[in-house]
Amino acid sequence: MNKIVLQIGLLIFSVSIIYYSSRNIPLEDILLRSIIIFFAFTLLTGLIVLMFMKSINKVSFEKNKETNLH
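What counts, and at which threshold
Residues numbered from 1 in each chain as written. Predicted model: local features only at pLDDT ≥ 70, side-chain atom pairs only at ≥ 80, totals over all residues. Heavy atoms only, no water. Phe/Tyr/Trp six-rings, centres within 6.5 Å; stacked < 30°, edge-to-face > 60°. Lys NZ or Arg CZ within 6 Å of the ring centre and 35° of its normal. Helix = DSSP H or I, 4+ residues; strand = E, 2+ residues; numbered from the N terminus. Buried < 20%, exposed > 50% of the residue type's maximum accessible area, 1.4 Å probe, protein only.

A word on the packing of aromatic side chains
The geometry of an aromatic ring pair comes down to the distance between the two centres and the angle between the two planes.
In step 1: Overall, the coordinates contain 3 aromatic pairs when judged by the stated rule.
In step 2: Joined through ring pairs, the aromatic side chains of Phe13, Phe38 and Phe39 make up one cluster.
In step 3: When the ring centre of tyrosine 20 is taken as origin, the NZ or CZ atom of arginine 33, which lies over that ring, is 5.4 Å away.

Written as structure tokens, this is what we have:
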């Protein structure tokens, strides 16, 4: 799952470079903004995926526990 998040982050990084370069912004600003967007997106997406996976595991554990009691 981490590879998918990282690859999507790299896609966002590439798209942001293309977007900012079309606006005639200096190269340093383009790279700085794109790196910030990459880190922010990857971090937030990673946290969301982690919380989602924990939620799924918790529900699955509770269902398994419930079926073992009956």
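Overview of the environment of leucine 10
In step 1: Looking at the secondary structure, you find leucine 10 in helix H1 (residues 2-21).
In step 2: You can call leucine 10 partly exposed: its relative accessible area is 41%.
In step 3: Residues leucine 10 and phenylalanine 38 lie 28 residues apart in sequence; the distance between their C-alpha atoms is 6.8 Å.

Notes on unusual backbone geometry
In step 1: Backbone geometry places asparagine 24, a non-glycine residue, at a positive phi of 55°.
In step 2: Residue placement: asparagine 24 occurs in the loop between H1 and helix H2 (27-69).

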